[in-house]
Number of protein chains: 2
Amino acid sequence: MTNLGEFERIEQMLRPLAAGDPGSLNLMDDAALIDVEPGQQIVVTTDTMVDTVHFLAGTPPGSLAAKLLRVNLSDLAAMGARPFAYLLTTALPRNLGDDWLAGFARGLADDQERFSVHLIGGDSVSTSGQLSVGITALGRVPSGQALCRDGARSGHGIYVTGTPGDAVLGLHLLRQKRTHGLLVDDAEYLTGRYQRPTPRLEVGQRLVGIASAAIDISDGLVGDLGHICSASGVAATVVASRLPQSKPAQKLLELNPELTRTALAGGDDYELLFTVAGQNEAGLAAIRAECGVPITRIGAIIAGDTPRILDDAGQEIDGLTGWRHF
Amino acid sequence: MTNLGEFERIEQMLRPLAAGDPGSLNLMDDAALIDVEPGQQIVVTTDTMVDTVHFLAGTPPGSLAAKLLRVNLSDLAAMGARPFAYLLTTALPRNLGDDWLAGFARGLADDQERFSVHLIGGDSVSTSGQLSVGITALGRVPSGQALCRDGARSGHGIYVTGTPGDAVLGLHLLRQKRTHGLLVDDAEYLTGRYQRPTPRLEVGQRLVGIASAAIDISDGLVGDLGHICSASGVAATVVASRLPQSKPAQKLLELNPELTRTALAGGDDYELLFTVAGQNEAGLAAIRAECGVPITRIGAIIAGDTPRILDDAGQEIDGLTGWRHF
């Protein structure tokens, strides 16, 4: 049970996050208002994170806030949308102190500024169980132009942004509480990629009209490519050695080759995975040149119904069943 | 931890609820799409209900589904909005059987039809703690016309729809597990008012351009009138005896006069509480005549900063601090 005093305390700490959007009605009303320009659609997504299911016990509140907001923004990026607002639902244990909530609000404030979004509403409840926090994020996209999962066709190239695999290696380091022989900077790079993924908003928005299908990598490359394949009614082949790796990931995998499969199967990167038809390769080249984000071709869409990851000998690497909650 | 098998099971049971809105993308994509006509704003609200905090242990899943959807729709009603879609977040204990989820989905299906809304997205997580379910509801309102809380001015009349007080009496009967001398039909009426409140959507939409401020009664008359007063910078007087009572409530209060204060202070009715300026009384009369919902004047807005509930002798009835979670 949250008493009214607690509600007011939470609202007071969150209200400054709503100051930048008049549609929030300063969090004082029953609901929030959203303006829409002609020719736009609204895109809406929601993700909830539960303590010890979706994040490690003891995660600093600012990190949790950043990750929660970013995973939601990543879903908007995968649709080609420009985010502008979000609602926040908190289910907090009664004994949680003000410090925690203040750190959480600071984390949101920092990322609001970074990604040009504002809090416009939400709900605060208390729980005797696990802490959980959820965001519903809202974006805008040109009408009828949103990137979906069902447009991949045989012959389209398969691309990823950035260096997938970093995040799951970072999670591995966090769980093991050791650096596996890595330098501290390299270990921090990898754990940072897990804790604060970068939603590929600019790339996503620029892929509107260029990509035939898109998704963000949350469950792992195989699982998420499988979503595109099943929605589009196609199969895919990806050559594992074409997957780009960051320098810290390379070092960690040289020192610990047994983690190679972990890196391939892991999720939580929030990089974009998308397909492009041949006639749009030139448009993609412009995005690659201008966005400052690595974009790598890793395979191709083929007829069939199951994505396959191949080694350099052309043999399928199986058992990459994708990410499960830890 | 929810494994992928459980996710798929939940999605499969919920997917039929998304069939009526193409913007749901059949729950297969990263996010949902919303169309907006020129001259409209989107209205968005979210409410979460936690087991034993917001509903009694053992509440049937269909009743819970109905109440969750209705309290969210009620927030849209209070803004004058027409609902069209919602997102659903479930945090379910791992040992919950299929029967529960099937009952929950049936409850949603029934009310989707009743209120012309569709599921367009959501998230499913599992919890080792209390079951909780949340909805983010979306509506449309003519641009710039949403009912807010800040327009009440001295001299405006204060009105309620229906018969507030029923729900808290129904909750009292449910908690006590006896009828306090009431006939079964009357007891069922009151418990039904608690379990399945009626969002006053038509009245809310018709109050656009008529009401100067509006809210739905969730916390209790005093608390919710207080929200209007603080947002509008005014005070209010309400005469307790003017509050309309249902016949079953009258009977229960005759048999148990000690519950009178409970009825006055209680929330959970989801009736509308609103204010109207003198020049709009004629418009209100038309709504009253055409909507088939009782609308009763219970007091007036005055200068000051605190709402007061008076008895027939003009003495303040204090201590009506509004509803707290049980």
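Quick note: structure is the one above.
Residues numbered from 1 in each chain as written. Chains lettered and ligands numbered in written order. Predicted model: local features only at pLDDT ≥ 70, side-chain atom pairs only at ≥ 80, totals over all residues. Heavy atoms only, no water.

(A) Representation of the sheet that holds strand S9 (residues 272-276) of chain A in the model. Residues and elements named next belong to chain A. The mixed open sheet is built from 6 strands, whose spatial order is S7-S9-S6-S10-S8-S11. Among the strands making up the open sheet, the edge pair consists of strand S7 (211-216) and strand S11 (307-310). Strand-to-strand twist of the sheet, defined as the mean angle between neighbouring strand axes without regard to direction, takes the value 25°. Direction of pairing for S7 relative to S9: antiparallel, over a ladder of 5 bridges. (Pairing = 2+ DSSP bridges. Helix = DSSP H or I, 4+ residues; strand = E, 2+ residues; numbered from the N terminus. Axes fitted to C-alpha atoms, helices over the stretch in contact; angles between N-to-C directions.)

(B) Looking closely at the interface of chain B and chain A. In this complex, chain B contributes 53 residues to the contact, which on the side of chain A involves 54 residues. For the pairing of chain B and chain A, the buried interface totals around 4400 Å² over both sides, and the portion due to carbon and sulfur atoms is 57%. Considering only the surface of chain B that becomes buried against chain A, Asp30, Leu33 and Val44 of chain B emerge as the three largest contributors, covering 14% of it. Remark: the boundary between chain B and chain A carries 4 salt bridges. A salt bridge links Arg149 of chain A to Asp29 of chain B; the shortest N-O distance between them is 3.7 Å. Our count for the chain B to chain A interface comes out at 21 residue pairs in polar contact (both at pLDDT 80 or more). Those elements that place two or more of their residues in the side of chain B that touches chain A are helix H1 (4-14), strand S1 (32-34), strand S2 (40-50), helix H2 (61-78), strand S3 (82-93), strand S4 (118-127), strand S5 (132-142) and strand S7 (211-216) of chain B. Of the residues that constitute the side of chain B that touches chain A, the class distribution is 28 nonpolar, 15 polar and 10 charged. By the bridge criterion, 3 bridges tie strand S2 (residues 40-50) of chain A to S1 of chain B in an arrangement that is antiparallel. The residue of S1 of chain B that forms the bridge with Val43 of chain A is Leu33 of chain B. (Contact = heavy atoms within 4.5 Å. Buried area = accessible area lost by both parts, 1.4 Å probe. Salt bridge = Lys/Arg side-chain N within 4 Å of Asp/Glu carboxyl O. Polar contact = N/O pair within 3.5 Å; in protein donor to acceptor, adjacent residues only side chain to side chain. Nonpolar A, V, L, I, M, F, W, Y, C, P; charged D, E, K, R; others polar.)

(C) Focus on the pattern of salt bridges. Within this structure, the stated rule accounts for 26 salt bridges over all chains. For Arg15 of chain B, the salt bridge identified is with Glu11 of chain B, shortest N-O distance 3.1 Å. The exposure class of Arg15 of chain B is partly exposed, given its relative accessible area of 21%. As a salt-bridge pair, Lys251 of chain B and Asp186 of chain B come within 2.8 Å of each other at their nearest N and O atoms. Residue Lys251 of chain B is located in helix H8 (residues 247-255), and its partner Asp186 of chain B is located in helix H5 (residues 184-195); the two are separated by 65 residues in the primary sequence. Residue Lys251 of chain B is classed as partly exposed on the basis of its relative accessible area of 35%. Among the ionic contacts, a cluster of salt bridges with common partners joins Asp166, Arg193, Arg200 and Glu271 of chain A. (Buried < 20%, exposed > 50% of the residue type's maximum accessible area, 1.4 Å probe, protein only.)

(D) How the structure looks around the sheet that holds S5 of chain B. Taken in spatial order, the 5 strands make up an open sheet running S1(A)-S2(B)-S5(B)-S3(B)-S4(B), and their pairing is mixed. The strands lining the two open edges of the sheet, one partner per strand, are strand S1 (32-34) of chain A together with S4 of chain B. Taking each pair of neighbouring strands and ignoring which way they run, the sheet shows an average axis angle of 20°. Against the sheet, H2 of chain B makes contact with S2, S3 and S5 of chain B, and its axis sits at roughly 145° relative to S2 of chain B, the strand it touches most. Sitting on the sheet, helix H3 (residues 98-115) of chain B is in contact with S3, S4 and S5 of chain B, with an inclination near 170° to S3 of chain B.

(E) Representation of the environment of Met28 of chain B. The topology assignment puts Met28 of chain B in the loop between H1 and S1. The partly exposed category is assigned to Met28 of chain B, whose relative accessible area is 34%. Counting along the chain gives 126 residues from Met28 of chain B to Ser154 of chain B, while the straight-line C-alpha distance between them is 52 Å. Not counting residues within four places of it along the chain, the set of residues in contact with Met28 of chain B comprises Arg149 of chain A together with Arg15 of chain B.

(F) Structural detail: the relation of the copies chain B and chain A. When chain B is brought onto chain A, the operation consists of a screw motion whose angular component is 180° and whose axial shift is 0.0 Å, with 0.0 Å RMSD remaining. Seen this way, the second copy is the image of the first under a two-fold rotation axis. For chain B, the smallest separation between a C-alpha atom and the rotation axis is recorded for Gly129 of chain B, amounting to 2.0 Å. An overlap of 100% is found between the interface residues of chain B and their copies at the interface of chain A, pointing to a shared contact surface. (Least-squares fit on C-alpha atoms with pLDDT ≥ 70 in both.)

(G) The nonpolar core, seen in detail. Tyr86, Leu88, Phe104, Leu108, Leu207 and Phe274 of chain B are the most contacted members of the largest nonpolar core, which totals 57 residues. For this core, the element with the most residues is H2 of chain B, which contributes 9 residues. Counting 56 residues, the second-largest nonpolar core is a separate cluster that includes Leu27, Tyr86, Ile135 and Phe274 of chain A. (Core = buried A, V, L, I, M, F, W, Y, C linked by side-chain atoms within 4.5 Å.)

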